[in-house]
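Coordinates in review
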Amino acid sequence: MIVIDSASPVPPFEQLRAQLARQIQDHTLAVGTQLPTIRRLAADLGLAVNTVGRAYRALEEAGLIETRGRAGSFVSAAGEQARERARRAAAEYAAVIAGVGIDTDEAVRIVQAALANGREGGRGRVGPTGPGTA
């Protein structure tokens, strides 16, 4: 179930994208599940077709869904591949952190800073002495 909060400061397309991504990642929407058409979902949620289309495009770019022309949009197996890639990257990061002797709290702050920079369109740059330093 998707709920769009019109009072939220988060744009509707981002609310939709985040909720669908969460449902895909927690397997509420299984690989191969067909999503509603853009027009149908827009009508169901009271959103503009372009708003839903933008959310679907973002999900497709992230590899979470795939569009098969007129057949529609489906939950992609690539989402699981992306999650596994993230797990491997996390394991590699943990090994580097352990190797250089950075404590867990600082390691988490470094990741949080990198994620925040990534969401803001930055490059996730973190300096050698901690987050936010260059």
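Residues numbered from 1 in each chain as written. Predicted model: local features only at pLDDT ≥ 70, side-chain atom pairs only at ≥ 80, totals over all residues. Heavy atoms only, no water.

1. As for helix 3 (residues 49-61)
Helix length check: helix 3, at 13 residues, gives a terminal C-alpha distance of 18 Å against a target of 18 Å (1.5 Å per residue), a fit within 8%. When helix 3 is considered as a whole, its buried residues turn out to be V52, G53, A55, Y56 and L59. One face of helix 3 carries all of its buried residues, which in axial projection span an arc of 160 degrees. Residues of helix 3 that are exposed and point more than 90 degrees away from the buried face comprise N50 and E61. Packing partners of the buried residues in helix 3 comprise helix 1 (12-25), helix 2 (38-45), strand 1 (65-67) and strand 2 (73-75). (Helix = DSSP H or I, 4+ residues; strand = E, 2+ residues; numbered from the N terminus. Expected span 1.5 Å × (residues − 1). Buried < 20%, exposed > 50% of the residue type's maximum accessible area, 1.4 Å probe, protein only. Arc of directions from axis to C-beta. Contact = heavy atoms within 4.5 Å.)

2. Brief notes about the confidence of the model for the chain
When pLDDT is averaged across the chain, the result is 86; 87% of the residues are at 70 or more. The least confident element of the chain is helix 4 (residues 78-100), whose mean pLDDT is 85; the most confident is helix 2, at 97. Low pLDDT, under 50, characterises residues 122-134; the predicted model gives this stretch 19 contacts beyond four residues in sequence or across chains. (pLDDT = per-residue confidence, 0-100.)

3. As for the pattern of salt bridges
Between side chains of opposite charge, pairing is possible as soon as their charged atoms come close. Applying the stated criterion across every chain yields a total of 3 salt bridges. Residues R17 and E14 are paired through a salt bridge, measuring 2.6 Å at the closest nitrogen-oxygen approach. Taken together, the residues R17 and E14, both in helix 1 and 3 residues apart, mark about one turn of the helix. R17 gets classed as partly exposed once you look at its relative accessible area, which sits at 23%. One salt bridge connects D44 with R40, and the closest N-O pair in it is separated by 3.3 Å. In this pair, D44 and R40 both sit in helix 2, 4 residues apart, roughly one turn of the helix. (Salt bridge = Lys/Arg side-chain N within 4 Å of Asp/Glu carboxyl O.)

4. What to know about the packing of aromatic side chains
Both the distance between ring centres and the angle between the ring planes are used here to describe each pair of aromatic rings. For the structure shown, the criterion picks out 0 aromatic pairs. Between the NZ or CZ atom of R54 and the centre of the ring of F13, over which it lies, the distance is 3.6 Å. A cation sits over an aromatic face here: R68 above F74, 4.0 Å from the ring centre. (Phe/Tyr/Trp six-rings, centres within 6.5 Å; stacked < 30°, edge-to-face > 60°. Lys NZ or Arg CZ within 6 Å of the ring centre and 35° of its normal.)

5. Brief notes about the environment of D103
Secondary-structure assignment places D103 in the loop between helix 4 and helix 5 (104-119). Among the polar contacts made by the side chain of D103, one reaches the main-chain amide nitrogen of D105 at a distance of 3.0 Å. (Polar contact = N/O pair within 3.5 Å; in protein donor to acceptor, adjacent residues only side chain to side chain.)

6. Some words on helix 1
The terminal C-alpha atoms of helix 1 lie 20 Å apart, and with 14 residues this matches the ideal 20 Å at 1.5 Å per residue to within 8%. For helix 1, the set of buried residues is F13, Q15, L16, A18, Q19, L20, A21, Q23 and I24. Structurally, helix 1 contributes buried residues whose contacts are with helix 2, helix 3, strand 1 and strand 2. Positive phi appears at H27, one or two residues downstream of helix 1, with a value of about 70 degrees.

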